Amino acid sequence: DARVTQTPRHKVTEMGQEVTMRCQPILGHNTVFWYRQTMMQGLELLAYFRNRAPLDDSGMPKDRFSAEMPDATLATLKIQPSEPRDSAVYFCASGFETGYAEAFFGQGTRLTVV
Amino acid sequence: AQSVTQLGSHVSVSEGALVLLRCNYSSSVPPYLFWYVQYPNQGLQLLLKYTTGATLVKGINGFEAEFKKSETSFHLTKPSAHMSDAAEYFCAVSALGNQFYFGTGTSLTVIP
């Protein structure tokens, strides 16, 4: 059963620390999305990649966030330094580039910055 | 440009009653439309999608949605609500080669 795998599922960290979230997209998918979900803002697109190249990261605070795809099986989202306002659930999703193919979501990483 | 508006952030229905969750979209190109469901502490799961062809789309768990171009709508319905339908529902729009644009979500409560 193909699925998007995100690690860790939960992360509690102190303000100022670096946080790295990882995502393994479904094998064969060439598009990867990072979303952030909060009660106040709902689902926000942070960045997305096609064939490992970043297409749009305009939703991401550039001074502290970075997203990469070192290879086709791994996507990472880093926050350095972390702040309490970064507390949220971060979702990774993968899919095909056609647009009419749905995105498959991981279970999310719940980040708490204290 | 594309966007989605979900009318009603909270909807309550009695068990066995009709479920109607509203979604209106804006798109300058032919849209692809999706409904996702999110259960507590879970990721989003696809309920159904419209790409081309038949405008009435059937999905999982007895849900269906109808694409109405003239009304720019893609409302989600289910004839009879079940307690297990309580969740957050998201409408999304996309287009060929594009990213997904999600609505703000509708929280469905089912009253026994």
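Structure: above.
First things first, this report covers the structure right here in the doc. (Residues numbered from 1 in each chain as written. Chains lettered and ligands numbered in written order. Predicted model: local features only at pLDDT ≥ 70, side-chain atom pairs only at ≥ 80, totals over all residues. Heavy atoms only, no water.)

Looking only at helices and strands, chain A features 0 helices and 11 strands. Listing every helix and strand of chain A by position from the N terminus yields β-β-β-β-β-β-β-β-β-β-β. On C-alpha atoms alone, chain A measures out to a radius of gyration of 13 Å, which is about the 13 Å that the 2.2 N^0.38 rule sets for 114 residues. Taken along its principal axes, the extent of the C-alpha atoms in chain A is 40 × 30 × 25 Å. When the 114 residues of chain A are sorted by exposure, 48% land in the buried category. Within chain A, contacts between residues separated by at least 24 positions form 54% of all contacts whose residues are at least 6 apart in sequence. When the accessible surface of chain A is split by element, carbon and sulfur atoms take 51% of a total near 5,700 Å². (Helix = DSSP H or I, 4+ residues; strand = E, 2+ residues; numbered from the N terminus. Rg over C-alpha atoms; globule rule 2.2 N^0.38 Å. Buried < 20%, exposed > 50% of the residue type's maximum accessible area, 1.4 Å probe, protein only. Contact = heavy atoms within 4.5 Å. Areas by Shrake-Rupley, 256 points an atom, 1.4 Å probe, with all protein chains shown as cover.)

On to the nonpolar core, then. Formed by 26 residues in total, the largest nonpolar core has its most connected members in Trp35, Leu48, Leu76 and Tyr89 of chain B. Mapped by element, the contributors of at least two residues to this core are strand S2 (10–14), strand S3 (19–27), strand S4 (32–38), strand S5 (44–50), strand S7 (64–68), strand S8 (73–78), strand S9 (87–94) and strand S11 (106–111) of chain B. Discounting residues that sit within four places of it in the chain, leucine 48 of chain B has contacts with Leu33, Phe34, Trp35, Val57, Lys58, Gly59, Phe63, Glu64, Ala65, Phe74 and Leu76 of chain B. Residues Met69, Leu77, Leu111 and Val113 of chain A belong to the second largest nonpolar core, which totals 22 residues. (Core = buried A, V, L, I, M, F, W, Y, C linked by side-chain atoms within 4.5 Å.)

On to the sheet that holds strand S1 (residues 2–7) of chain B, then. Through backbone hydrogen bonds, the strands of a sheet pair up, either in parallel or in antiparallel fashion. All names here are of chain B. One open sheet accounts for 5 strands, arranged S1-S3-S8-S7-S6; its pairing is antiparallel. Only two strands of the sheet have a single partner each, and these edge strands are S1 and strand S6 (56–58). Averaged over all adjacent pairs, the angle separating strand axes in this sheet is 20 degrees, with direction ignored. With 6 bridges connecting them, S1 and S3 associate as antiparallel partners. (Pairing = 2+ DSSP bridges. Axes fitted to C-alpha atoms, helices over the stretch in contact; angles between N-to-C directions.)

This next bit is on the side chain of glutamate 102 of chain A. Tracing the sequence through the fold places glutamate 102 of chain A in the loop between strand S9 (88–95) and strand S10 (104–105). With relative accessibility at 15%, the residue glutamate 102 of chain A sits in the buried group. In this view, glutamate 102 of chain A contacts Ser94 and Gly95 of chain A together with Phe34, Tyr36, Leu46, Lys49 and Phe100 of chain B; residues no more than four positions away in its chain are not counted.

Here the focus is the interface of chain A and chain B. Taken together, the contact between chain A and chain B spans 21 residues of the former and 20 residues of the latter. Roughly 1,700 Å² is buried in total at the junction of chain A and chain B, and carbon and sulfur atoms are behind 52% of that figure. Connecting chain A to chain B are 1 salt bridge. Counting only elements with at least two residues in the side of chain A that touches chain B, the list comes to strand S4 (31–38) and strand S5 (42–50) of chain A. No other element matches S5 of chain A, which puts 4 residues into the side of chain A that touches chain B. (Buried area = accessible area lost by both parts, 1.4 Å probe. Salt bridge = Lys/Arg side-chain N within 4 Å of Asp/Glu carboxyl O.)

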